[in-house]
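Descriptive analysis of the structure
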Amino acid sequence: MASYTASIKWNRNGEVFTDNKYSRGHEWSFDGGVSFRASASPHVVPRFADPNGVDPEEAFVASLSSCHMLTFLSMAAMKQFTVDSYVDEAIGTLAKNAKGKLAMVDVVLRPKVVFSGANLPNPADINQLHDRAHEECFIANSVTTNVRCEPVK
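The notes below deal with the structure included here. Model, not experiment: these values are computed from the prediction. (Residues numbered from 1 in each chain as written. Predicted model: local features only at pLDDT ≥ 70, side-chain atom pairs only at ≥ 80, totals over all residues. Heavy atoms only, no water.)

**Observations concerning a nonpolar patch on the surface**
As a reminder, the rule being used: To count toward a patch, a residue needs a relative accessible area above 30% and no salt bridge. Like charges then connect within 9 Å, nonpolar side chains (Val, Leu, Ile, Met, Phe, Trp, Tyr) within 5 Å. For accessible areas, the Shrake-Rupley method is used with a probe of radius 1.4 Å. Any residue's cover is judged against the shown protein chains and nothing else. Salt-bridge detection follows one rule: a side-chain nitrogen of Lys or Arg within 4 Å of a carboxyl oxygen of Asp or Glu. Put simply, DSSP H or I for four residues or longer makes a helix, DSSP E for two residues or longer makes a strand, and each gets a number counted from the N terminus.
A surface patch of nonpolar side chains, amounting to about 280 Å² of accessible area, comprises Val-44, Leu-94 and Leu-102. The topology assignment puts Leu-94 in strand 5 (residues 91-96).

**With respect to helix 2 (residues 123-136)**
Note the threshold: Take the number of residues in a helix, subtract one, and multiply by 1.5 Å to get its expected span. Throughout, exposure labels follow a simple rule: accessible area from a 1.4 Å probe, protein chains only, divided by the maximum for the residue type, with under 20% read as buried, over 50% as exposed, and the rest as partly exposed. What the arc measures is the spread of directions leading from the helix axis to the C-beta atoms. Note on contacts: a residue pair qualifies if any of its non-hydrogen atoms lie within 4.5 Å across the two residues. Between N or O atoms, a polar contact is any pair within 3.5 Å; within protein, one atom must be a potential hydrogen donor and the other a potential acceptor, and residues adjacent in sequence are included only when both atoms are from side chains.
In a regular helix each residue adds 1.5 Å, so 14 residues correspond to 20 Å; helix 2 covers 20 Å between its end C-alpha atoms and thus fits that length. Among all positions in helix 2, only Leu-129, His-130 and Ala-133 are buried. Down the axis, helix 2 shows its buried residues gathered within 95 degrees of arc, on one side only. Exposed positions of helix 2 whose direction lies more than 90 degrees from the buried face are Ala-124 and Glu-135. Those residues of helix 2 that are buried lie in contact with helix 1 (56-78), strand 4 (82-88), strand 7 (111-116) and strand 8 (146-149). Regarding helix 2, its N-cap is Asn-122, as a side-chain oxygen of that residue lies 2.9 Å from the backbone nitrogen of Ala-124 further along.

**Details of unusual backbone geometry**
Of note, Phe-17 is a non-glycine position whose phi angle comes to about 75 degrees, a positive value. Within the element layout of this structure, Phe-17 appears in the loop between strand 1 (6-9) and strand 2 (26-30). According to the relative accessible area criterion, Phe-17 is partly exposed, its value standing at 37%. One non-glycine residue, Asn-20, lies in positive phi territory at about 65 degrees. Counting through the fold element by element, Asn-20 comes out in the loop between strand 1 and strand 2.

**Regarding the sheet that holds strand 5**
What counts is decided by this rule: Strand pairing is assigned whenever DSSP identifies at least 2 bridges connecting the two strands. Note on geometry: axes are C-alpha line fits, over the in-contact stretch for helices, and angles between N-to-C directions span 0 to 180 degrees.
An order of 5-6-8 is seen for the three strands of this open sheet, with the pairing classed as mixed. Every other strand in the sheet has two partners, leaving strand 5 and strand 8 as the edge strands with one partner each. On average, each strand axis in the sheet is tilted by 20 degrees relative to the strand beside it, whichever way the strands run. Relative to strand 8, strand 6 (residues 102-109) is paired through four bridges, and the arrangement is parallel. Bridge assignment links Asp-106 to a residue of strand 8, and that residue is Asn-146. Docked against the sheet, helix 1 engages strand 5, strand 6 and strand 8, running at close to 35 degrees with respect to strand 6.

**Observations regarding the pairing of strand 5**
Here strand 5 runs beside strand 6; their pairing, made up of six bridges, is antiparallel. Across the sheet, Ile-91 pairs through a bridge with Val-108, a residue of strand 6.

**Remarks on the side chain of Arg-24**
For clarity, the cut-off: By the counting rule applied here, Lys and Arg register as positive and Asp and Glu as negative, while His and the ends of each chain are not counted.
Within the element layout of this structure, Arg-24 appears in the loop between strand 1 and strand 2. Buried and unpaired, Arg-24 has no salt bridge, with Asp-19 as the nearest side chain of opposite charge at 7.3 Å. Among the polar contacts made by the side chain of Arg-24, one reaches the main-chain carbonyl oxygen of Tyr-22 at a distance of 2.7 Å.

The following block contains the structure:
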């Protein structure tokens, strides 16, 4: 079993706070030393979000996309398919779920994968790789969001 950590830091910076008009900008730091600006989504808190920060909703979509990609690449390598590039323009939809709560209700992965070499996968091979990658993705297995993969040709 493995554990993963993230350090999330926010400071009031002299704002009143109790008027609910404080900056939602904060910092995410990870064990490898990477830190970056994060914020509430400008769609959720328009006036107080930091548009330069990554919001949790974007990070959620990126996490699903990244996990799918890493699983796909591993499976393609096992099948001896050479992947030259993988680009995903994933999109998540925030809306009310069946319980009437705001939730990320749908995430669509739209990977475009370029292969090279003598052993090229056919469309059925590619679809099978994406299906298996989705089934094995740790993050997709951890959420209730509907996650679809629609490969781009």
